[in-house]
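Residue strings, one per chain:
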Amino acid sequence: MAETKMVSLTIEGRSVSVPEGTTILEAAKTAGILIPHYCYHPGLPVAGVCRMCLVEVEKAPKLAPSCATAVADGQVVHVHSEKSLDARKGVLEMLLINHPLDCPICDQSGECELQDYTFQEGREDSRYREPKRFNPAEDFGGDVVYVPNRCILCTRCVRFMDDIAHDPALNVSERGDRALIGKFEGKDLTHPWAANVVDLCPVGALLSKDFLNKARAWELDRTASICPNCTQGCNVIMETRENQLVRMRPRPNEYVNAFFMCDYGRLNYRWMNEKNRAERPMVRGNGSLAAASWEVAISAAARALNGKSLFVAASPMLSNESLYLLTQLMGGGSGTFRVTEGDEAPLPGVPDLALRRERAANVNGAETLGFRKSKDLLAGLKQGDVLVVAGEDLAGIDASALAGASDVIVISSVLPEVATKASVLLPIANFSEEEGTVTNLRGRVQRFTQARQAPGETRPSWLVLGDLLGAMGKQDSFFLPSDVFAKLASSNSAFSGLSYDSLGFKGLPLANASDSGPKTPIAMGAA
């Protein structure tokens, strides 16, 4: 493979060396300098229409759009020179001519690039005294509503639908001061990836109906996580307000999902705010389940399991750490899981990115750790086995299917209706309430972190299972999920060499995985 040619230049007095073909805008980022821009996005083809990223290049006859100008050896670039600042100030003044003063009621307020750059480089006052134009808001279909008064015609949404979704539904209609984003006849944004236009919009022109008026940006707590809704394992940011998950947005990862996530994953978060939670450990006594301390419940479960043949019905939403501890719990027993399925929906413009058929986060992890996938979850349950229900709600399963079990231990965030005769209930956190790792369909192991507090006396699943194994005399105490993962990595060759530190927040492939390198250049379209 030919060696990459490096180009050296100076940006704002800082020496920079970047690969040939890199744009000035991307090169500036390596020096810690963010050049203001609107139409440019590293995941979209370059358009160069907003003229916000103009910079001064010494010996060049005029200002250059940094998003569309490749670096050259010996270039000297001035981002904050008087000419550059004056040009950007003029662009901002033009954009604000018809932009309404909607900040107090706009969902984008607090994370709006027009707000940021106007405050940073715009005029202190307005010279415009004429009436502003007005166009009514329009339902674009799917989860998207369009507010044309706020639109700055950056065309990010048009390019996404054209070049990434390969579904040309949007266009720039009209011309001049009447221009706005329009829909082609018979088209709308019901495409399974269309809601990405909301993330791409740098202002409040494209809004999510689901998130509309729910919260202000500064009221949200943000956590790096993984979308649990299919086996793709898209990197996301979970956003919570008052301990309720209110929004999920994509987090860039060139190995998995580039800059995008599907609408199904984005909107399917309410199950993590579930209300019918099991909040305290319970032990059967006098014919009914009664609340008990953790020590009593763990001891009761250990007595029920010790020396018995186990059958584990696990959820593929559980982390690698929890599934590994379940394998230690099973000993010579067996474990199965089932997974909800749906239609696969690829994003054509990004290689190997799709809403996957299997709608759970850790199907690959469960199979790698020895669990068997089955549509009949309890088919392997033998007469006299102790049934351990781990993270499963047993929906659609008749109570008679549990009759052959000598005992039932439930380790879950809810008490399944068909398992009300369980002898012990150990309440665990759901996906958004604990930390761990999952393995996507290509064998990439990725970390997720806790986004919200679990209710009542609920504990993380890895901690509950670790304590249970400790009470059975099968292991020493684990104090962190990283401790469990270290034990998993040392005992399972597929995870060999991996650790929380090495995984970081972009993950690494299993030793035998097909995932070997970036699928999407993180600066796609920048060259």
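Relevant structure appears above.
Residues numbered from 1 in each chain as written. Predicted model: local features only at pLDDT ≥ 70, side-chain atom pairs only at ≥ 80, totals over all residues. Heavy atoms only, no water.

Enquirer: Explain the environment of Pro100 here, please?
Expert: Counting through the fold element by element, Pro100 comes out in the loop between helix H2 (82–96) and helix H3 (113–121). Pro100 sits in the buried class, given a relative accessible area of 17%. Between the C-alpha atom of Pro100 and that of Ala224, which follows or precedes it by 124 residues, the distance is 33 Å. Pro100 has contacts with Lys132, Asn149 and Arg150, leaving out every residue within four places of it along the chain. (Helix = DSSP H or I, 4+ residues; strand = E, 2+ residues; numbered from the N terminus. Buried < 20%, exposed > 50% of the residue type's maximum accessible area, 1.4 Å probe, protein only. Contact = heavy atoms within 4.5 Å.)

Enquirer: I tried to follow the sheet that holds strand E26 (residues 508–509) on my own but got confused; where do I start?
Expert: The strands that make up a sheet are held in pairs by hydrogen bonds between backbone atoms, and each pair lies either parallel or antiparallel. Overall, antiparallel pairing links the three strands, which are arranged E24-E25-E26 in an open sheet. Every other strand in the sheet has two partners, leaving strand E24 (436–439) and E26 as the edge strands with one partner each. Sheet topology note: the strand E25 (residues 444–448)/E26 ladder contains two bridges and is antiparallel. What sits directly across from Arg444, in E26, is Pro509. Together, E24 and E25 form the strand contacts of helix H8 (residues 320–330), whose direction differs from that of E24 by roughly 85°. (Pairing = 2+ DSSP bridges. Axes fitted to C-alpha atoms, helices over the stretch in contact; angles between N-to-C directions.)

Enquirer: Which parts of the structure should I look at to understand unusual backbone geometry?
Expert: Trans is the prevailing form of peptide bonds, just as negative phi is the prevailing case for residues other than glycine. Positive phi is not limited to glycine here, since Lys59 has a value of about 75°. Among the secondary structure elements, Lys59 is positioned in the loop between strand E3 (54–57) and strand E4 (64–65). Lys59 gets classed as exposed once you look at its relative accessible area, which sits at 88%. Although it is not a glycine, Asn243 adopts a positive phi angle of roughly 65°. Structurally, Asn243 can be placed in the loop between strand E12 (235–241) and strand E13 (244–250). Under the relative-accessibility criterion, Asn243 is labelled partly exposed at 31%.

Enquirer: Help me understand the nonpolar core in this model?
Expert: Proteins that are soluble and globular tend to have nonpolar side chains buried together. In this structure, Tyr38, Phe160, Met161, Leu189, Val197, Phe260 and Leu347 are the most contacted members of the largest nonpolar core, which totals 62 residues. Mapped by element, the contributors of at least two residues to this core are H2, H3, strand E7 (144–146), helix H4 (156–164), strand E9 (180–183), helix H5 (196–200), E12 and E13. With near-sequence residues (within four places) excluded, Phe260 lies in contact with Gly43, Phe160, Ile164, Trp193, Asn196, Leu200, Cys234, Pro250, Leu347, Val350 and Leu353. Of all hydrophobic cores here, the second largest spans 53 residues; its members include Ala301, Leu318, Leu503 and Leu510. (Core = buried A, V, L, I, M, F, W, Y, C linked by side-chain atoms within 4.5 Å.)

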